[in-house]
Amino acid sequence: MEKNLTSGSVLKNILYFCLPYLLSYFLQTLYGMADLFIIGQFEGVASTTAVSVGSQVMHMLTVMIVGLAMGSTVSIAQAVGAGEKKKASASIGNTVSLFMIVAFGMMAVLLCLVKPIVSVMSTPAEAVSGTVQYLTICFIGIPFITAYNIISSIFRGLGDSKSPMYFIAVACVTNIILDCLFIGVLHLGPAGAALGTTVSQAVSVVVALTVILKKQSGISIKRNDFRPQSKVMGQILKIGIPVAMQDGLIQIAFIVITVIANRRGLSDAAAVGIVEKIISFLFLVPSSMLSTVSALGAQNIGAGKEERAVSTLRYAIMIAAGFGLIVSVTIQFIAEPVVGLFTADSSVILAGGQYIRGYIWDCIFAGIHFSFSGYFCACERSELSFLHNITAIVLMRIPGVYITSKMFPNTLLPMGIATATGSLVSVIICVIAFVWLRRKKKLDNPIYII
(Lines give C-alpha, C1' and ligand atoms only; values in the text may rest on other atoms or scores of the structure.)
Protein backbone atom coordinates (compact mmCIF):
# COMPACT_ATOMS: atom_id res chain seq x y z
CA MET A 1 0.00 0.00 0.00
CA GLU A 2 2.91 2.38 0.73
CA LYS A 3 4.42 3.85 -2.47
CA ASN A 4 7.48 6.10 -2.56
CA LEU A 5 7.17 8.60 -5.44
CA THR A 6 10.43 10.51 -5.02
CA SER A 7 12.33 8.88 -7.89
CA GLY A 8 11.79 8.09 -11.57
CA SER A 9 9.89 10.12 -14.14
CA VAL A 10 7.94 13.01 -12.60
CA LEU A 11 5.26 12.84 -15.30
CA LYS A 12 4.93 9.08 -14.91
CA ASN A 13 4.49 9.46 -11.15
CA ILE A 14 1.85 12.14 -11.69
CA LEU A 15 -0.09 9.85 -14.01
CA TYR A 16 0.38 6.87 -11.68
CA PHE A 17 -1.08 8.81 -8.76
CA CYS A 18 -3.50 11.05 -10.64
CA LEU A 19 -5.39 8.58 -12.84
CA PRO A 20 -6.79 6.45 -9.98
CA TYR A 21 -7.58 9.64 -8.07
CA LEU A 22 -9.22 11.09 -11.16
CA LEU A 23 -11.37 8.01 -11.57
CA SER A 24 -12.28 8.01 -7.87
CA TYR A 25 -13.23 11.68 -8.07
CA PHE A 26 -15.25 10.90 -11.20
CA LEU A 27 -17.11 8.21 -9.29
CA GLN A 28 -17.61 10.52 -6.31
CA THR A 29 -19.02 13.21 -8.58
CA LEU A 30 -21.19 10.66 -10.37
CA TYR A 31 -22.30 9.60 -6.92
CA GLY A 32 -23.49 13.16 -6.20
CA MET A 33 -24.99 13.70 -9.65
CA ALA A 34 -26.96 10.45 -9.45
CA ASP A 35 -29.26 11.94 -6.80
CA LEU A 36 -30.04 14.95 -8.97
CA PHE A 37 -30.42 12.97 -12.18
CA ILE A 38 -32.67 10.25 -10.76
CA ILE A 39 -34.92 12.60 -8.79
CA GLY A 40 -35.23 14.75 -11.92
CA GLN A 41 -36.67 11.75 -13.75
CA PHE A 42 -39.30 10.89 -11.12
CA GLU A 43 -40.10 14.15 -9.31
CA GLY A 44 -40.88 17.78 -10.15
CA VAL A 45 -38.82 20.98 -10.06
CA ALA A 46 -39.45 21.49 -6.32
CA SER A 47 -37.84 18.14 -5.41
CA THR A 48 -34.98 18.76 -7.83
CA THR A 49 -34.36 22.15 -6.22
CA ALA A 50 -34.49 20.59 -2.73
CA VAL A 51 -31.82 18.05 -3.62
CA SER A 52 -29.65 20.63 -5.44
CA VAL A 53 -29.78 23.05 -2.47
CA GLY A 54 -29.27 20.30 0.12
CA SER A 55 -26.45 18.65 -1.80
CA GLN A 56 -24.68 22.00 -2.09
CA VAL A 57 -24.69 22.32 1.70
CA MET A 58 -23.37 18.76 2.01
CA HIS A 59 -20.73 19.43 -0.62
CA MET A 60 -19.51 22.40 1.39
CA LEU A 61 -19.17 20.28 4.52
CA THR A 62 -17.46 17.49 2.60
CA VAL A 63 -14.84 19.71 0.97
CA MET A 64 -14.08 21.29 4.36
CA ILE A 65 -13.49 17.82 5.80
CA VAL A 66 -11.32 16.96 2.79
CA GLY A 67 -9.45 20.25 3.22
CA LEU A 68 -8.75 19.55 6.88
CA ALA A 69 -7.66 16.04 5.95
CA MET A 70 -5.12 17.57 3.56
CA GLY A 71 -3.02 18.21 6.66
CA SER A 72 -2.96 14.46 7.27
CA THR A 73 -2.08 13.63 3.66
CA VAL A 74 0.86 16.05 3.63
CA SER A 75 2.13 15.04 7.11
CA ILE A 76 2.04 11.35 6.22
CA ALA A 77 3.56 11.93 2.76
CA GLN A 78 6.45 13.97 4.16
CA ALA A 79 7.16 11.25 6.70
CA VAL A 80 7.07 8.55 4.00
CA GLY A 81 9.37 10.61 1.76
CA ALA A 82 11.83 11.05 4.61
CA GLY A 83 11.63 7.34 5.54
CA GLU A 84 10.29 8.12 9.02
CA LYS A 85 7.74 5.33 9.52
CA LYS A 86 7.29 6.02 13.23
CA LYS A 87 6.27 9.59 12.44
CA ALA A 88 3.90 8.33 9.72
CA SER A 89 2.26 5.98 12.23
CA ALA A 90 1.75 8.81 14.73
CA SER A 91 0.23 11.00 12.01
CA ILE A 92 -2.22 8.25 11.02
CA GLY A 93 -3.26 7.54 14.62
CA ASN A 94 -3.73 11.21 15.49
CA THR A 95 -5.72 11.73 12.28
CA VAL A 96 -8.24 9.08 13.32
CA SER A 97 -8.61 10.51 16.84
CA LEU A 98 -8.96 14.09 15.64
CA PHE A 99 -11.52 13.44 12.94
CA MET A 100 -13.81 11.24 14.98
CA ILE A 101 -14.19 14.08 17.47
CA VAL A 102 -14.82 16.52 14.60
CA ALA A 103 -17.38 14.22 12.96
CA PHE A 104 -19.64 13.66 15.94
CA GLY A 105 -19.37 17.29 16.99
CA MET A 106 -20.44 18.47 13.54
CA MET A 107 -23.33 16.01 13.45
CA ALA A 108 -24.72 17.20 16.80
CA VAL A 109 -24.45 20.90 15.97
CA LEU A 110 -25.81 20.70 12.42
CA LEU A 111 -28.83 18.61 13.39
CA CYS A 112 -29.85 21.50 15.63
CA LEU A 113 -29.40 24.00 12.79
CA VAL A 114 -31.22 22.30 9.90
CA LYS A 115 -34.10 24.78 9.61
CA PRO A 116 -31.95 27.91 10.06
CA ILE A 117 -29.61 26.61 7.33
CA VAL A 118 -32.51 26.04 4.95
CA SER A 119 -33.76 29.55 5.72
CA VAL A 120 -30.35 31.16 5.17
CA MET A 121 -30.16 29.45 1.78
CA SER A 122 -33.31 31.38 0.73
CA THR A 123 -34.74 28.06 -0.39
CA PRO A 124 -37.89 28.53 -2.50
CA ALA A 125 -41.01 27.81 -0.43
CA GLU A 126 -41.97 24.83 -2.59
CA ALA A 127 -38.66 23.13 -1.82
CA VAL A 128 -38.29 23.87 1.93
CA SER A 129 -39.83 20.64 3.23
CA GLY A 130 -37.79 18.44 0.91
CA THR A 131 -34.56 20.28 1.72
CA VAL A 132 -35.13 19.84 5.48
CA GLN A 133 -35.69 16.10 5.00
CA TYR A 134 -32.61 15.75 2.81
CA LEU A 135 -30.27 17.61 5.16
CA THR A 136 -31.53 15.94 8.34
CA ILE A 137 -30.75 12.47 7.00
CA CYS A 138 -27.41 13.54 5.50
CA PHE A 139 -26.31 15.22 8.74
CA ILE A 140 -26.91 11.95 10.58
CA GLY A 141 -24.50 10.35 8.10
CA ILE A 142 -21.64 12.82 8.72
CA PRO A 143 -19.53 10.28 10.71
CA PHE A 144 -19.56 7.98 7.67
CA ILE A 145 -18.66 10.80 5.28
CA THR A 146 -15.82 11.82 7.57
CA ALA A 147 -14.57 8.26 8.00
CA TYR A 148 -14.40 7.68 4.24
CA ASN A 149 -12.49 10.89 3.61
CA ILE A 150 -9.90 10.43 6.35
CA ILE A 151 -9.28 6.84 5.26
CA SER A 152 -8.75 8.11 1.71
CA SER A 153 -6.41 10.88 2.91
CA ILE A 154 -4.31 8.33 4.79
CA PHE A 155 -4.00 6.05 1.76
CA ARG A 156 -3.03 8.99 -0.48
CA GLY A 157 -0.44 10.17 2.00
CA LEU A 158 1.09 6.70 1.74
CA GLY A 159 1.22 7.14 -2.05
CA ASP A 160 -1.74 4.82 -2.71
CA SER A 161 -4.49 6.50 -4.74
CA LYS A 162 -5.98 3.22 -6.02
CA SER A 163 -7.62 1.95 -2.82
CA PRO A 164 -9.80 5.08 -2.33
CA MET A 165 -10.95 4.60 -5.93
CA TYR A 166 -12.26 1.14 -5.08
CA PHE A 167 -14.00 2.42 -1.95
CA ILE A 168 -15.88 5.16 -3.78
CA ALA A 169 -16.75 2.76 -6.60
CA VAL A 170 -18.59 0.61 -4.07
CA ALA A 171 -20.38 3.69 -2.69
CA CYS A 172 -21.30 4.93 -6.17
CA VAL A 173 -22.85 1.66 -7.35
CA THR A 174 -24.68 1.23 -4.05
CA ASN A 175 -26.01 4.81 -4.20
CA ILE A 176 -27.40 4.44 -7.73
CA ILE A 177 -29.15 1.19 -6.82
CA LEU A 178 -30.61 2.67 -3.63
CA ASP A 179 -31.68 5.88 -5.42
CA CYS A 180 -33.61 3.84 -7.96
CA LEU A 181 -35.24 1.93 -5.10
CA PHE A 182 -35.99 4.81 -2.73
CA ILE A 183 -36.91 7.43 -5.35
CA GLY A 184 -38.14 5.43 -8.34
CA VAL A 185 -39.93 2.56 -6.59
CA LEU A 186 -40.80 3.82 -3.11
CA HIS A 187 -41.26 7.50 -4.18
CA LEU A 188 -39.55 8.89 -1.09
CA GLY A 189 -38.40 12.03 -2.96
CA PRO A 190 -35.55 14.06 -1.42
CA ALA A 191 -35.57 11.87 1.70
CA GLY A 192 -34.93 8.85 -0.52
CA ALA A 193 -31.97 10.60 -2.17
CA ALA A 194 -30.49 11.36 1.26
CA LEU A 195 -31.03 7.79 2.47
CA GLY A 196 -29.26 6.43 -0.59
CA THR A 197 -26.31 8.74 0.00
CA THR A 198 -25.98 7.96 3.72
CA VAL A 199 -26.35 4.19 3.48
CA SER A 200 -23.93 3.92 0.54
CA GLN A 201 -21.30 5.92 2.47
CA ALA A 202 -21.68 3.53 5.39
CA VAL A 203 -21.19 0.54 3.08
CA SER A 204 -18.06 2.16 1.63
CA VAL A 205 -16.57 2.68 5.09
CA VAL A 206 -17.17 -0.95 6.03
CA VAL A 207 -15.39 -2.07 2.86
CA ALA A 208 -12.49 0.33 3.53
CA LEU A 209 -12.02 -0.91 7.10
CA THR A 210 -12.06 -4.51 5.87
CA VAL A 211 -9.29 -3.71 3.36
CA ILE A 212 -7.20 -1.96 6.02
CA LEU A 213 -7.38 -5.00 8.31
CA LYS A 214 -6.32 -7.40 5.54
CA LYS A 215 -3.79 -5.29 3.62
CA GLN A 216 -0.17 -4.79 4.62
CA SER A 217 0.66 -1.08 4.51
CA GLY A 218 4.28 -1.20 5.60
CA ILE A 219 3.29 1.07 8.52
CA SER A 220 2.65 -0.41 11.96
CA ILE A 221 -0.02 1.40 14.00
CA LYS A 222 0.06 0.97 17.76
CA ARG A 223 -2.44 2.00 20.42
CA ASN A 224 -0.14 4.79 21.56
CA ASP A 225 -0.32 6.38 18.08
CA PHE A 226 -3.98 7.25 18.68
CA ARG A 227 -3.07 9.31 21.76
CA PRO A 228 -3.14 13.03 20.84
CA GLN A 229 0.37 14.45 20.41
CA SER A 230 0.61 18.23 20.27
CA LYS A 231 3.42 18.30 17.69
CA VAL A 232 1.73 15.83 15.34
CA MET A 233 -1.73 17.36 15.61
CA GLY A 234 -0.18 20.81 15.36
CA GLN A 235 1.31 19.97 11.95
CA ILE A 236 -1.95 18.42 10.72
CA LEU A 237 -3.98 21.45 11.83
CA LYS A 238 -1.40 23.98 10.61
CA ILE A 239 -1.78 22.65 7.08
CA GLY A 240 -5.41 21.52 7.24
CA ILE A 241 -7.16 24.48 8.88
CA PRO A 242 -6.28 27.08 6.22
CA VAL A 243 -7.28 24.61 3.47
CA ALA A 244 -10.55 23.77 5.23
CA MET A 245 -11.27 27.47 5.73
CA GLN A 246 -10.50 28.31 2.11
CA ASP A 247 -12.66 25.43 0.84
CA GLY A 248 -15.44 26.44 3.21
CA LEU A 249 -15.29 30.05 2.06
CA ILE A 250 -15.34 28.96 -1.59
CA GLN A 251 -18.45 26.92 -0.93
CA ILE A 252 -20.02 29.77 1.06
CA ALA A 253 -19.39 31.96 -1.96
CA PHE A 254 -21.19 29.45 -4.15
CA ILE A 255 -24.00 29.25 -1.62
CA VAL A 256 -24.30 33.04 -1.76
CA ILE A 257 -24.53 32.69 -5.54
CA THR A 258 -27.25 30.07 -5.02
CA VAL A 259 -29.11 32.43 -2.70
CA ILE A 260 -28.93 35.18 -5.32
CA ALA A 261 -30.24 32.74 -7.92
CA ASN A 262 -32.96 31.47 -5.57
CA ARG A 263 -34.29 35.02 -5.23
CA ARG A 264 -34.66 35.19 -9.01
CA GLY A 265 -37.22 32.39 -8.99
CA LEU A 266 -37.57 28.60 -9.08
CA SER A 267 -36.29 28.17 -12.67
CA ASP A 268 -33.07 30.11 -12.10
CA ALA A 269 -32.56 28.33 -8.77
CA ALA A 270 -32.89 24.92 -10.42
CA ALA A 271 -30.64 26.02 -13.33
CA VAL A 272 -27.82 27.18 -11.03
CA GLY A 273 -28.10 24.01 -8.92
CA ILE A 274 -27.85 21.79 -11.99
CA VAL A 275 -24.92 23.72 -13.46
CA GLU A 276 -23.06 23.54 -10.15
CA LYS A 277 -23.34 19.75 -10.36
CA ILE A 278 -22.09 19.75 -13.95
CA ILE A 279 -19.19 22.02 -13.06
CA SER A 280 -18.24 19.83 -10.11
CA PHE A 281 -18.03 16.96 -12.60
CA LEU A 282 -15.89 18.97 -15.02
CA PHE A 283 -13.60 20.02 -12.16
CA LEU A 284 -12.37 16.43 -11.96
CA VAL A 285 -8.97 17.22 -13.44
CA PRO A 286 -8.31 20.47 -11.49
CA SER A 287 -9.26 18.79 -8.22
CA SER A 288 -7.16 15.73 -8.94
CA MET A 289 -4.18 17.97 -9.67
CA LEU A 290 -4.51 19.66 -6.28
CA SER A 291 -4.32 16.36 -4.42
CA THR A 292 -1.64 14.98 -6.72
CA VAL A 293 0.66 17.98 -6.33
CA SER A 294 0.15 18.09 -2.56
CA ALA A 295 0.88 14.36 -2.04
CA LEU A 296 3.75 14.00 -4.53
CA GLY A 297 5.17 17.40 -3.68
CA ALA A 298 5.13 16.60 0.04
CA GLN A 299 6.93 13.29 -0.48
CA ASN A 300 9.62 14.98 -2.56
CA ILE A 301 10.02 17.86 -0.13
CA GLY A 302 10.26 15.35 2.72
CA ALA A 303 13.04 13.62 0.76
CA GLY A 304 14.81 16.97 0.21
CA LYS A 305 14.03 17.01 -3.55
CA GLU A 306 12.55 20.49 -3.95
CA GLU A 307 13.05 20.67 -7.71
CA ARG A 308 10.97 17.53 -8.29
CA ALA A 309 8.15 19.18 -6.35
CA VAL A 310 8.33 22.20 -8.66
CA SER A 311 8.40 19.94 -11.73
CA THR A 312 5.29 18.21 -10.41
CA LEU A 313 3.58 21.60 -10.18
CA ARG A 314 4.65 22.53 -13.72
CA TYR A 315 3.27 19.34 -15.29
CA ALA A 316 0.05 19.61 -13.28
CA ILE A 317 -0.61 23.15 -14.54
CA MET A 318 -0.09 22.10 -18.15
CA ILE A 319 -2.42 19.12 -17.82
CA ALA A 320 -5.17 21.00 -15.96
CA ALA A 321 -5.10 24.16 -18.11
CA GLY A 322 -5.06 22.13 -21.35
CA PHE A 323 -8.06 20.13 -20.22
CA GLY A 324 -9.88 23.29 -19.14
CA LEU A 325 -9.39 24.94 -22.52
CA ILE A 326 -10.77 21.96 -24.43
CA VAL A 327 -13.82 21.67 -22.16
CA SER A 328 -14.53 25.41 -22.17
CA VAL A 329 -14.59 25.63 -25.97
CA THR A 330 -16.63 22.44 -26.35
CA ILE A 331 -19.35 23.45 -23.90
CA GLN A 332 -20.13 26.59 -25.92
CA PHE A 333 -21.68 24.34 -28.56
CA ILE A 334 -23.50 21.82 -26.33
CA ALA A 335 -24.60 23.83 -23.29
CA GLU A 336 -28.38 23.31 -23.52
CA PRO A 337 -28.25 19.56 -24.30
CA VAL A 338 -25.95 19.02 -21.30
CA VAL A 339 -28.30 20.87 -18.94
CA GLY A 340 -31.21 19.03 -20.54
CA LEU A 341 -29.85 15.73 -19.24
CA PHE A 342 -31.03 16.75 -15.77
CA THR A 343 -34.41 18.35 -16.47
CA ALA A 344 -37.14 18.54 -19.11
CA ASP A 345 -38.21 22.06 -18.11
CA SER A 346 -37.43 24.36 -21.08
CA SER A 347 -37.01 27.50 -18.93
CA VAL A 348 -34.49 25.75 -16.69
CA ILE A 349 -32.59 24.44 -19.74
CA LEU A 350 -32.42 27.94 -21.27
CA ALA A 351 -31.21 29.56 -18.04
CA GLY A 352 -28.75 26.76 -17.33
CA GLY A 353 -27.27 27.05 -20.83
CA GLN A 354 -26.67 30.76 -20.28
CA TYR A 355 -25.04 30.23 -16.91
CA ILE A 356 -22.71 27.40 -17.90
CA ARG A 357 -21.43 29.21 -21.02
CA GLY A 358 -19.96 31.91 -18.78
CA TYR A 359 -19.05 29.72 -15.82
CA ILE A 360 -17.23 27.06 -17.84
CA TRP A 361 -14.13 29.24 -18.37
CA ASP A 362 -13.45 28.71 -14.69
CA CYS A 363 -12.18 25.24 -15.63
CA ILE A 364 -9.01 26.83 -17.06
CA PHE A 365 -8.29 29.22 -14.22
CA ALA A 366 -9.27 26.79 -11.47
CA GLY A 367 -6.95 24.15 -12.91
CA ILE A 368 -4.03 26.56 -12.52
CA HIS A 369 -4.75 27.84 -9.03
CA PHE A 370 -5.70 24.37 -7.74
CA SER A 371 -2.26 23.14 -8.80
CA PHE A 372 -0.58 26.07 -7.03
CA SER A 373 -2.65 25.37 -3.92
CA GLY A 374 -1.41 21.77 -3.89
CA TYR A 375 2.18 23.01 -4.05
CA PHE A 376 1.63 25.52 -1.25
CA CYS A 377 0.18 22.74 0.93
CA ALA A 378 3.15 20.48 0.19
CA CYS A 379 5.43 23.32 1.37
CA GLU A 380 3.33 23.66 4.56
CA ARG A 381 2.30 27.13 3.41
CA SER A 382 -1.41 26.45 3.01
CA GLU A 383 -2.16 29.95 4.30
CA LEU A 384 -1.16 31.14 0.81
CA SER A 385 -4.00 29.05 -0.63
CA PHE A 386 -6.38 30.64 1.85
CA LEU A 387 -5.09 34.10 0.93
CA HIS A 388 -5.68 33.87 -2.80
CA ASN A 389 -9.11 32.28 -2.41
CA ILE A 390 -10.50 34.70 0.15
CA THR A 391 -9.16 37.67 -1.83
CA ALA A 392 -10.81 36.44 -5.02
CA ILE A 393 -14.09 35.79 -3.22
CA VAL A 394 -14.25 39.16 -1.49
CA LEU A 395 -12.98 41.31 -4.34
CA MET A 396 -14.54 39.61 -7.35
CA ARG A 397 -16.66 36.47 -7.09
CA ILE A 398 -19.46 37.57 -4.72
CA PRO A 399 -19.57 41.28 -5.67
CA GLY A 400 -19.34 40.39 -9.35
CA VAL A 401 -22.19 37.91 -9.23
CA TYR A 402 -24.39 40.24 -7.18
CA ILE A 403 -23.83 43.22 -9.48
CA THR A 404 -24.38 41.22 -12.67
CA SER A 405 -27.54 39.63 -11.24
CA LYS A 406 -28.96 43.12 -10.75
CA MET A 407 -27.75 44.54 -14.04
CA PHE A 408 -28.86 41.56 -16.15
CA PRO A 409 -32.13 40.21 -14.69
CA ASN A 410 -33.06 38.27 -17.84
CA THR A 411 -29.93 36.18 -18.32
CA LEU A 412 -27.51 34.16 -16.16
CA LEU A 413 -24.56 34.49 -18.58
CA PRO A 414 -22.92 37.50 -16.86
CA MET A 415 -23.24 35.79 -13.47
CA GLY A 416 -21.33 32.82 -14.86
CA ILE A 417 -18.59 35.05 -16.28
CA ALA A 418 -18.26 36.88 -12.94
CA THR A 419 -17.73 33.55 -11.17
CA ALA A 420 -14.95 32.55 -13.58
CA THR A 421 -13.29 35.95 -13.24
CA GLY A 422 -12.90 35.31 -9.52
CA SER A 423 -10.61 32.37 -10.32
CA LEU A 424 -8.56 34.56 -12.66
CA VAL A 425 -7.83 36.82 -9.69
CA SER A 426 -6.68 33.72 -7.77
CA VAL A 427 -4.28 32.76 -10.56
CA ILE A 428 -2.63 36.20 -10.52
CA ILE A 429 -2.16 36.05 -6.73
CA CYS A 430 -0.81 32.47 -6.93
CA VAL A 431 1.86 33.44 -9.45
CA ILE A 432 2.98 36.33 -7.23
CA ALA A 433 3.01 34.10 -4.12
CA PHE A 434 4.97 31.37 -5.91
CA VAL A 435 7.68 33.80 -7.07
CA TRP A 436 7.90 35.24 -3.54
CA LEU A 437 8.15 31.78 -1.98
CA ARG A 438 10.91 30.69 -4.36
CA ARG A 439 12.92 33.84 -3.72
CA LYS A 440 12.48 33.41 0.04
CA LYS A 441 13.78 29.84 -0.14
CA LYS A 442 16.77 31.02 -2.15
CA LEU A 443 17.58 33.66 0.47
CA ASP A 444 17.13 31.15 3.31
CA ASN A 445 19.38 28.64 1.51
CA PRO A 446 22.04 30.23 -0.75
CA ILE A 447 22.71 26.92 -2.52
CA TYR A 448 19.01 26.51 -3.39
CA ILE A 449 18.63 26.28 -7.18
CA ILE A 450 15.92 28.14 -9.08
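The preceding data block contains the structure.
The structure displayed is predicted, hence computed values, not measured ones. (Residues numbered from 1 in each chain as written. Predicted model: local features only at pLDDT ≥ 70, side-chain atom pairs only at ≥ 80, totals over all residues. Heavy atoms only, no water.)

Before going further, it helps to examine the overall build of the protein chain. Assigned secondary structure in the protein chain consists of 16 helices and 0 strands. The C-alpha radius of gyration of the protein chain comes to 21 Å, within 12% of the 22 Å expected for a compact globule of 450 residues. In terms of overall dimensions, the protein chain has C-alpha extents of about 60 × 45 × 35 Å along its principal axes. Scored against the burial criterion, the 450 residues of the protein chain give a buried share of 60%. Element-wise, carbon and sulfur atoms account for 71% of the exposed surface of the protein chain, whose accessible area totals about 17,600 Å². Between the mean site of the 30 positive side-chain charges and the mean site of the 19 negative ones, the protein chain shows a separation of 11 Å. (Helix = DSSP H or I, 4+ residues; strand = E, 2+ residues; numbered from the N terminus. Rg over C-alpha atoms; globule rule 2.2 N^0.38 Å. Buried < 20%, exposed > 50% of the residue type's maximum accessible area, 1.4 Å probe, protein only. Areas by Shrake-Rupley, 256 points an atom, 1.4 Å probe, with all protein chains shown as cover. Lys, Arg positive; Asp, Glu negative; His and termini not counted. Charge placed at Lys NZ, Arg CZ, Asp CG, Glu CD.)

Counting across every chain of the model gives 6 aromatic pairs. Their ring planes at 90 degrees and their centres at 5.9 Å tell us that F283 and F370 sit as a pair that is edge-to-face. Separated by 87 residues along the polypeptide, F283 in the loop between α10 (266–282) and α11 (284–302) and F370 in helix α14 (residues 362–378) bring together distant segments of the chain. Each member of the pair, F283 as well as F370, carries the same accessibility label: buried. A network of ring pairs unites the aromatic residues F372, Y375, F376 and F434 as a single cluster. (Phe/Tyr/Trp six-rings, centres within 6.5 Å; stacked < 30°, edge-to-face > 60°.)

A word on α10. Over its 17 residues, α10 runs 24 Å from end to end, which matches the ideal 24 Å to within 8%, given 1.5 Å per residue. Taken across its 17 residues, α10 has 14 buried, putting it largely inside the fold. (Expected span 1.5 Å × (residues − 1).)

This brings us to the nonpolar core. Core analysis: the largest hydrophobic core is formed by 112 residues, its most contacted members being M58, L135, F139, Y375 and F376. For this core, the element with the highest residue contribution is helix α9 (residues 230–262), accounting for 14 residues. Those residues in contact with M58, other than ones at most four positions away along the chain, are Y134, L135, C138, F139, I142 and I145. Counting 11 residues, the second-largest nonpolar core is a separate cluster that includes L27, F167, C172 and A208. (Core = buried A, V, L, I, M, F, W, Y, C linked by side-chain atoms within 4.5 Å. Contact = heavy atoms within 4.5 Å.)

Tracing the sequence through the fold places S373 in helix α14. When its relative accessible area of 2% is taken as the criterion, S373 is described as buried. A distance of 2.9 Å separates polar atoms of two side chains, one belonging to S373 and the other to H388. Not counting residues within four places of it along the chain, the set of residues in contact with S373 comprises Q246, L290, S385, H388 and N389. (Polar contact = N/O pair within 3.5 Å; in protein donor to acceptor, adjacent residues only side chain to side chain.)

Time to look at the packing of helix α3 (residues 85–111) against helix α5 (residues 128–140). Where α3 meets α5, the closest approach of the two axes is 9 Å, and the angle between their N-to-C directions is 155 degrees. With respect to each other, α3 and α5 are oriented roughly antiparallel. Regarding α3 and α5, the two cross each other, and that crossing is left-handed. Counted together, M107, L110 and L111 of α3 and T136, F139 and I140 of α5 form the full contact between these two elements. Classifying every residue of the contact of α3 with α5 gives 5 nonpolar, 1 polar and no charged. (Axes fitted to C-alpha atoms, helices over the stretch in contact; angles between N-to-C directions. Parallel < 35°, antiparallel > 145°, perpendicular 65-115°, else oblique. Left-handed = near helix turned anticlockwise from the far one by under 90°. Nonpolar A, V, L, I, M, F, W, Y, C, P; charged D, E, K, R; others polar.)

Close contact between helix α6 (residues 142–157) and helix α7 (residues 162–185) brings their axes to 8 Å; oriented N to C, the two are set at 155 degrees. Considering their axes alone, α6 and α7 lie roughly antiparallel with respect to each other. Residues Y148, I151, S152, F155 and R156 of α6 pack against S163, P164, F167 and I168 of α7. Here the contact of α6 with α7 is composed, by residue class, of 6 nonpolar, 2 polar and 1 charged.

Scanning all chains against the criterion turns up 4 salt bridges. In this structure, E307 engages R438 in a salt bridge whose closest nitrogen and oxygen atoms are separated by 3.4 Å. Taken as a pair, E307 in helix α12 (residues 306–340) and R438 in helix α16 (residues 413–444) lie far apart in primary sequence, 131 residues in all. Notably, a salt bridge pairs R357 with E336, separated by 2.8 Å at the nearest N-O pair. (Salt bridge = Lys/Arg side-chain N within 4 Å of Asp/Glu carboxyl O.)

Attention now moves to the side chain of T419. Relative to the elements of secondary structure, T419 occurs in helix α16. In this structure, T419 is in contact with F254, I257, Y355, Y359, D362, R397 and V401, ignoring residues within four places of it in sequence.

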